[in-house]
Amino acid sequence: MTQAEAHELALMHVQFAHELGESALRQGEFWVSVSYGLLVLTFVAPHALNKVTTPLVLTLYILYTAFITTNSYFDLDAVEASRADAGRLVSEHQLNLNVLEEKNREQGDLALPLALGSLHAPGLFFATLGYVGFVSYKNWRN
């Protein structure tokens, strides 16, 4: 493999990894939208939650969350593998690929914001389950 071919292949790996990362991000954003939509629905129309619809909605929400989480982790694992392949090509052929260096940079000063941001998804998940369950229970008692 020539150096130009290795460079092109490494760029393709970086592009593929970026597209998979964007796909995982879009899936996560849609899940957040669904979660907030469910919270808004519960707030606006609590009378729609009864003994049939509540377990159905919560079951579908839990299954959808598991599906999105599984897909996102699979995509992110493929991203890491593709970036590793690109890194291997760069090191074997002594290439200079700044885009790969930028993608692999350390998140040094962002450790605290990233840690706080990682609490958003589990917090939203449990808050959605809790609020829907609370409103449903309150409706059942009345």
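Note: the structure precedes this text.
For the structure given in this document, a descriptive report is provided here.

Procedures and definitions
- Residues numbered from 1 in each chain as written.
- Predicted model: local features only at pLDDT ≥ 70, side-chain atom pairs only at ≥ 80, totals over all residues.
- Heavy atoms only, no water.
- Helix = DSSP H or I, 4+ residues; strand = E, 2+ residues; numbered from the N terminus.
- Buried < 20%, exposed > 50% of the residue type's maximum accessible area, 1.4 Å probe, protein only.
- Contact = heavy atoms within 4.5 Å.
- Phe/Tyr/Trp six-rings, centres within 6.5 Å; stacked < 30°, edge-to-face > 60°.
- Salt bridge = Lys/Arg side-chain N within 4 Å of Asp/Glu carboxyl O.

Observations regarding the environment of serine 35
Argument step 1. By the element assignment, serine 35 lies in helix α1 (residues 3–44).
Argument step 2. Exposure remark for serine 35: the relative accessible area of 0% places this residue in the buried category.
Argument step 3. Put simply, serine 35 and leucine 129 are 94 residues apart on the chain and 9.3 Å apart in space, counted from C-alpha to C-alpha.
Argument step 4. Among residues more than four places away in sequence, those in contact with serine 35 are Tyr61, Leu124 and Thr128.

Describing the packing of aromatic side chains
Argument step 1. A full pass over the atoms with the stated rule returns four aromatic pairs.
Argument step 2. On the basis of an interplanar angle of 15° and a centroid distance of 6.3 Å, the ring pair of tryptophan 31 and tyrosine 61 is categorised as stacked. With a gap of 30 residues between them, tryptophan 31 in helix α1 and tyrosine 61 in helix α2 (residues 53–92) connect regions that are remote in the sequence.
Argument step 3. By relative accessible area, which is 3% here, tyrosine 61 ends up buried.
Argument step 4. When the centroid spacing of 5.1 Å and the interplanar angle of 70° are considered together, the rings of phenylalanine 125 and phenylalanine 126 count as edge-to-face.
Argument step 5. On the basis of relative accessibility, which here comes to 57%, the residue phenylalanine 126 falls in the exposed class.

Quick word on the pattern of salt bridges
Argument step 1. Within the structure shown, the criterion is met by two salt bridges.
Argument step 2. Ionic pairing is found between arginine 83 and glutamate 80, a salt bridge with its closest N-O pair at 3.6 Å. Of this pair, arginine 83 and glutamate 80 are both found in helix α2, three residues apart, which corresponds to roughly one turn of the helix.
Argument step 3. Look at glutamate 80 and you get partly exposed, because its relative accessible area is 47%.
Argument step 4. With a closest N to O distance of 3.4 Å, glutamate 92 and arginine 88 form a salt bridge. With glutamate 92 and arginine 88 both in helix α2 and four residues apart, this pair spans about one turn of that helix.

By themselves, these figures tell us nothing about what the structure is for.
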